[in-house]
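One-letter residues, chain by chain:
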Amino acid sequence: MHPLVAALEGRLIVSCQAYPGEPMRDPRTMAQVAAAVESGGAAAVRAQGLEDIRQVTAAVSVPVIGIWKDGADGVFITPTLEHCRAVIAAGADILALDGTERERPDGRTLAETIAALREDGFDGPIMADCDSLPSALAAARAGAEIIGTTLAGYTGVREKTDGPDLALLAEIAEQLGEGAVLVAEGRVHTPAQAAAARDAGAFAVVVGTAITHPSTITGWFARAVAGA
Ligand SMILES: CC(=O)N[C@H](C=O)[C@@H](O)[C@H](O)[C@H](O)COP(=O)(O)O
């Protein structure tokens, strides 16, 4: 196992992202957020966009999982080989990309994309953002070292669970077996849910919104205070 990946076992990864048009959408702000979560105990951070990746890698000493979201429908998380190459060139230690079985915009399969990156000489870990058991198994076969449940509930293949998709985690963990690097990502909103994800078989857990997205968190509290 790659040493960067081995170090993530039983650890929290924090996704630091702001969305188009939002007040915190600024690479410097995301770098500051990343430094803050590192000081809180994050073992790695996930950053979106090339300039965010550059500034976040400069601001933290933990590994940075880089993605580049392009578009909002279909395959949009680091969707093509060229997006992957750009994320790596921006300094990501770990590359994350769409790991679903949907057709990718450049027509390459996940396996072809990973093979091309290895031919380029990239030897860092690759994380596949999957949406189902079949996509997770296919991504592992394609050579992704880290399997994430990032897209479960967002592609129509599985229901969008309230918290993390624990049933999916347990199924993937069982099928991939010992030694698999299964990362729970998506709708982990409380420490108890993070612990439940570990219990379901996750090697590590990614939390985004509940730590780094103040508008959403504020909405949770505002609705509670209003009795909604
Ligand atoms: C579906 C999709 O586009 N997920 C994205 C992937 O990078 C992010 O928007 C999420 O915030 C991230 O996965 C962490 O999840 P959560 O914010 O639920 O803790």
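The shown structure was predicted, so the numbers you read here are calculated from the model rather than taken from an experiment.

A.B. asks: Which parts of the structure should I look at to understand the side chain of R104?
C.D. replies: Inspection of the secondary structure puts R104 in the loop between β4 (94–98) and α5 (110–120). Every residue in contact with R104, bar those within four places of it in the chain, is listed here: V75, T78, P79, L97, D98, T109, L110 and T113.

A.B. asks: Looking at this structure, how should I read the nonpolar core?
C.D. replies: Looking at soluble globular proteins, one finds that nonpolar side chains tend to be buried together. Judged by nonpolar contacts, the single largest core of 50 residues is most densely connected at C16, V45, V56 and V205. Setting aside residues up to four positions removed in sequence, C16 forms contacts with M30, V33, A34, V37, V45, R46, A47, Q48 and T212. Grouped together as the second largest cluster of nonpolar side chains are 19 residues, A96, I146, V181 and A204 included.

A.B. asks: Just checking my understanding: could you explain the pattern of salt bridges for this structure?
C.D. replies: Pairing between side chains of opposite charge can happen when their charged atoms approach one another. Going through the model one piece at a time under the given rule, you end up with nine salt bridges. Measuring nitrogen to oxygen at the nearest pair gives 2.7 Å for the salt bridge that ties E51 to R54. A residue pair is termed a helical-turn pair when its members lie 3 or 4 positions apart in one helix, as E51 and R54 do in helix α3 (residues 50–59) at three residues. Look at E51 and you get partly exposed, because its relative accessible area is 35%. We note a salt bridge from D120 to R85, for which the minimum N-O separation is 2.7 Å. Placement of the pair is D120 in helix α5 and R85 in helix α4 (residues 81–89), with a sequence separation of 35 residues. A network of salt bridges, in which partner residues are shared, links R46, D129 and E185.

A.B. asks: Looking at this model, I keep getting lost on helix α6 (residues 133–142). Mind explaining?
C.D. replies: Three- or four-residue spacings in an α-helix give side chains the same orientation, since the helix completes a turn every 3.6 residues. Along α6, the residues that are buried comprise L133, S135, A136, A138, A139 and A142. Buried residues along α6 sit in contact with α5, β5 (126–129), β6 (146–148) and α7 (166–176).

A.B. asks: Please clarify how the packing of α6 against α7 should be interpreted in this entry.
C.D. replies: How two helices sit against one another is set out by the angle between their axes and by the gap between those axes. Two numbers describe how α6 lies on α7: the axes approach to 10 Å, and their chain directions differ by 35 degrees. Two packed elements cross with a definite hand, and for α6 against α7 that hand is right-handed. Residues L133, A136, L137 and A140 of α6 pack against L168, E171, I172, Q175 and L176 of α7.

A.B. asks: Would you explain the pairing of β5 in this entry?
C.D. replies: As a general feature of sheets, a regular strand has side chains that alternate between the two faces. What you see with β5 is no split at all: I126 and A128 on one side and M127 and D129 on the other are buried throughout. Where β4 and β5 come together, four bridges link them in parallel fashion. Looking at β5, one finds that L97 is bridged to A128. Since β4 and β5 lie parallel, the crossover through α5 that links them has a hand, and here it is right-handed. Direction of pairing for β5 relative to β6: parallel, over a ladder of three bridges. The partner of D129 across the bridge, within β6, is G148.

A.B. asks: Looking at this structure, how should I read the sheet that holds strand β3 (residues 64–67)?
C.D. replies: Taken in spatial order, the eight strands line up as β1-β2-β3-β4-β5-β6-β7-β8 and close into a barrel, and their pairing is parallel. Adjacent strand axes in the sheet meet at a mean angle of 25 degrees when their direction is disregarded. Two elements, strand β2 (residues 44–48) and β3, share four bridges in a ladder whose sense is parallel. Opposite A47, over in β3, you have G66 as the bridge partner. Where helix α2 (residues 27–40) meets the sheet, it contacts β1 (12–16) and β2, and its direction lies at approximately 165 degrees from that of β1.

A.B. asks: Explain α7 here, please?
C.D. replies: Listed as buried for α7 are L168, L169 and I172. Down the axis of α7, the buried set is contained in an arc of 100 degrees. They therefore lie on one face. Where α7 is buried, its residues contact α6, β7 (181–185) and α8 (191–199). Once α7 ends, the next one or two residues include G177, with phi positive near 80 degrees.

Here is what the cut-offs are and how they apply
Residues numbered from 1 in each chain as written. Predicted model: local features only at pLDDT ≥ 70, side-chain atom pairs only at ≥ 80, totals over all residues. Heavy atoms only, no water. Helix = DSSP H or I, 4+ residues; strand = E, 2+ residues; numbered from the N terminus. Contact = heavy atoms within 4.5 Å. Core = buried A, V, L, I, M, F, W, Y, C linked by side-chain atoms within 4.5 Å. Buried < 20%, exposed > 50% of the residue type's maximum accessible area, 1.4 Å probe, protein only. Salt bridge = Lys/Arg side-chain N within 4 Å of Asp/Glu carboxyl O. Axes fitted to C-alpha atoms, helices over the stretch in contact; angles between N-to-C directions. Left-handed = near helix turned anticlockwise from the far one by under 90°. Pairing = 2+ DSSP bridges. Right-handed = clockwise from strand over helix to strand, strands pointing away. Arc of directions from axis to C-beta.

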